[in-house]
Amino acid sequence: MSNVFIKTFGCQANKSDSERILGDYLSRGYRETADWHEANEIVVNTCSVRQSAEDRVTGFLLNVEKYFSGKNRPKIILTGCMLHFNEKEIKELLPQIDEILPVGEVGFNQKAIRKDKISAYVPISSGCNSFCTFCIVPFSRGRERSRPLEDIVSEVRQLAGEGYREITLLGQNVNSWGLEKVGVALRKMFMDKEKFSVEKIPSNDSQYFKPEDTPPFVTLLRAVSEVEGVEKISFFTSNPWDFWDELIDEIATNLKIDRFIHLPVQSGSNRILHLMNRGYTRESYLSLINKIKTKVPDAVFGTDIIVGFPGETDADFQDTLDLITRVGFKAAFIARYSPRPGTVSSRLFPDDISAKVKKQRWEILDQIANKNNLSSRPIVP
Ligand code: SF4
């Protein structure tokens with residue numbers, strides 16, 4: 001029997017994918033090993049959110065190569081967000097790779113092998129249509145695809161039957177679940193690497209037209225909360241631009257839904273938000289937070305922030321400081337900007353904020369976050 005070792009880098013979406021990749025291997029007769037030195041196959045599930053994440057993948061592969069030098073080396077399979085590189089680039093960058101496993105090939109419905117016995121991640125969508133200018137996800141995971149409601153509810157029923165009580169619905173943008181067919185993505189132009197220019201960054205408030213009826217994600221939340229045995233439902237990530245009133249009302253009235261709401265803001269400066277193509281302003285973000293606080297008084301918020309985005313001035317940074325102080329986030333994941341090859345920001349904007357300034361801004365934000373008693377709860381980057 002062959003041994004497989006899965007090395008997972010990055011966020012909960014990758015961890016959830018690895019649970020299903022492991023399920024696929026076990027169904028084919030492999031045995032899991034916790035020690036890569038004993039593996040016959042190593043699957044490396046990669047993260048590309050920042051250069052440092054890719055450097056960790058390279059470091060791991062160099063260790064494997066060094067250890068097996070002169071010996072029979074295991075087969076190495078690459079998957080995850082580094083697949084935004086094409087095959088030729090991957091061969092040059094990571095010559096140790098024997099095979100590529102496209103993200104999503106394992107499929108939503110492959111049985112996941114979970115370590116936790118109470119709390120389970122359940123993927124509801126994959127990919128993203130939003131094209132924030134700094135983000136590699138639309139290139140690495142492709143267009144947004146929603147998993148059918150029946151498949152999600154059936155997995156949740158099975159999990160509840162096995163004793164799971166907490167369900168976390170996962171997607172790059174869970175709010176838009178079920179809308180990719182009726183919604184209109186306005187940002188296809190972002191895929192056109194040659195023709196794109198800064199003037200073309202749209203200033204629309206939402207990439208989707210607001211559905212006339214109940215938003216599909218609200219219907220999904222109701223269906224999941226009706227499953228007997230499920231006591232708590234969390235979801236992430238939510239985008240601020242389509243966090244509609246019906247969703248707020250559902251959180252307010254459905255007590256199974258977690259009161260911790262993760263709403264990535266990325267910057268408090270309208271100028272930077274526009275260059276990031278985030279589709280909202282600091283004012284509309286703060287007004288959304290206020291609306292949620294009014295209807296869900298016990299809501300607490302988490303966020304993601306990038307410091308040192310190209311051209312970020314001291315005044316822009318002060319706007320971010322001001323915003324985080326106003327909201328009083330319970331948890332924040334603060335990242336220093338690094339250009340990701342192929343993204344719009346890397347093509348259009350020079351990475352002109354020095355490493356020293358990025359570090360200073362990161363430290364200031366982190367300090368304020370700690371003063372706000374940020375919890376250590378893990379946040380999707
Ligand atoms: S930051 Fe989130 S919403 Fe924006 S492109 Fe990336 S995954 Fe999509």
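See the structure printed just above.
Reading guide: rules and limits
Residues numbered from 1 in each chain as written. Predicted model: local features only at pLDDT ≥ 70, side-chain atom pairs only at ≥ 80, totals over all residues. Heavy atoms only, no water. Pairing = 2+ DSSP bridges. Helix = DSSP H or I, 4+ residues; strand = E, 2+ residues; numbered from the N terminus. Axes fitted to C-alpha atoms, helices over the stretch in contact; angles between N-to-C directions. Contact = heavy atoms within 4.5 Å. Salt bridge = Lys/Arg side-chain N within 4 Å of Asp/Glu carboxyl O. Buried < 20%, exposed > 50% of the residue type's maximum accessible area, 1.4 Å probe, protein only. Near = heavy atom within 4 Å. Nonpolar A, V, L, I, M, F, W, Y, C, P; charged D, E, K, R; others polar. Expected span 1.5 Å × (residues − 1). Core = buried A, V, L, I, M, F, W, Y, C linked by side-chain atoms within 4.5 Å. Phe/Tyr/Trp six-rings, centres within 6.5 Å; stacked < 30°, edge-to-face > 60°. Lys NZ or Arg CZ within 6 Å of the ring centre and 35° of its normal.

Draft legend 1. The sheet that holds strand E6 (residues 119-123), seen in detail. One open sheet holds the three strands; their spatial order is E6-E9-E10, and the pairing between them is parallel. One side of each edge strand has no neighbouring strand; the edge strands of this open sheet are E6 and strand E10 (232-236). Each strand axis lies, on average, 25 degrees off the axis of its neighbour in the sheet, ignoring direction. The pairing of strand E9 (residues 166-170) with E10 spans five bridges and is classified as parallel. Note on E10: the bridge partner recorded for leucine 169 is phenylalanine 235. Of the strands in this sheet, E9 and E10 are in contact with helix H6 (residues 216-225), which crosses E10 at around 150 degrees.

Draft legend 2. Broad picture of the pattern of salt bridges. This model, assessed by the stated rule, comprises 24 salt bridges. The salt bridge involving lysine 91 is made with glutamate 87; its shortest N-O contact spans 3.6 Å. Note that lysine 91 and glutamate 87 are positioned in helix H3 (residues 87-93) at a spacing of four residues, about one turn of the helix. When its relative accessible area of 49% is taken as the criterion, lysine 91 is described as partly exposed.

Draft legend 3. Structural view of the site of the ligand. Inspection of the region around the ligand gives Cys128, Ser130, Phe131, Cys132, Phe134, Cys135, Val137, Pro138, Gln172, Asn239, Trp241 and Arg278 as its neighbouring residues. Taken together, the residues of the shell around the ligand sort by class into eight nonpolar, three polar and one charged.

Draft legend 4. Summary view of helix H1 (residues 12-27). With 16 residues, H1 extends 23 Å between its outermost C-alpha atoms, agreeing within 8% with the 22 Å of an ideal straight helix rising 1.5 Å per residue. With twelve of its 16 residues buried, H1 lies for the most part within the structure. Where H1 is concerned, the buried positions are Gln12, Ala13, Asn14, Ser16, Asp17, Ser18, Glu19, Arg20, Ile21, Leu22, Gly23 and Tyr25. Residue glycine 29 follows H1 closely and has a positive phi angle near 95 degrees.

Draft legend 5. Quick look at the sheet that holds strand E11 (residues 260-262). Overall, parallel pairing links the three strands, which are arranged E11-E12-E13 in an open sheet. Two strands lie at the open edges of the sheet, namely E11 and strand E13 (331-336), each paired on one side alone. Geometrically, the sheet is characterised by an average inter-axis angle of 15 degrees between neighbouring strands, direction not taken into account.

Draft legend 6. How the structure looks around the side chain of threonine 79. By the element assignment, threonine 79 lies in strand E4 (residues 75-80). Looking at threonine 79, the relative accessible area reads 3%, which means it is buried. When sequence neighbours within four positions are dropped, the list of residues in contact with threonine 79 reads Ile21, Val43, Val44, Asn45, Thr46, Leu101, Pro102 and Val103.

Draft legend 7. The arrangement of the nonpolar core in detail. Leu169, Phe217, Phe243 and Ile292 are the most contacted members of the largest nonpolar core, which has 61 residues in total. Among the elements that take part in this core, H6 stands out by supplying six residues, more than any other. Residues contacting leucine 169, with those up to four places away along its chain left out, are Val122, Ile124, Ile152, Val174, Phe217, Leu220, Leu221, Val224, Ile233, Ser234, Phe235 and Phe236.

Draft legend 8. How the structure looks around the packing of aromatic side chains. Per the counting criterion, the structure on display carries 13 aromatic pairs. Both rings, one in tryptophan 36 and one in phenylalanine 68, keep their centres 6.3 Å apart while their planes meet at 55 degrees; by these two values the pair is tilted. One end of the pair, tryptophan 36, is in the loop between strand E2 (31-32) and strand E3 (41-46); the other, phenylalanine 68, is in the loop between helix H2 (51-67) and E4, and 32 residues separate them in sequence. A residue is classified by how much of its surface remains accessible, and tryptophan 36, at 15% relative accessible area, is buried. Where phenylalanine 309 meets phenylalanine 349, the ring centres are 5.9 Å apart and the plane angle is 65 degrees; that geometry is what we call edge-to-face. Taken together, the residues span a long stretch of sequence, with phenylalanine 309 in the loop between strand E12 (300-307) and helix H10 (314-327) and phenylalanine 349 in the loop between helix H11 (344-348) and helix H12 (355-371) at a distance of 40 residues. You'll find phenylalanine 309 and phenylalanine 349 in the same group, each marked buried. Among the aromatic residues, ring-to-ring pairing joins Phe5, Phe9, Trp36, Phe60, Tyr67 and Phe68 into one connected group. The residue whose ring lies beneath arginine 28 is tyrosine 25, and the NZ or CZ to ring-centre distance is 4.6 Å. Between arginine 336 and the ring centre of tryptophan 362, over which it is positioned, the NZ or CZ distance is 5.3 Å.

Draft legend 9. Structural view of the side chain of threonine 343. Turning to its location among the elements, threonine 343 is positioned in the loop between E13 and H11. On the accessibility criterion, threonine 343 (0% relative accessible area) is buried. Threonine 343 has contacts with Thr133, Phe134, Cys135, Ile136 and Phe139, leaving out every residue within four places of it along the chain.

Limitation: the analysis is restricted to geometry and does not speak to function.
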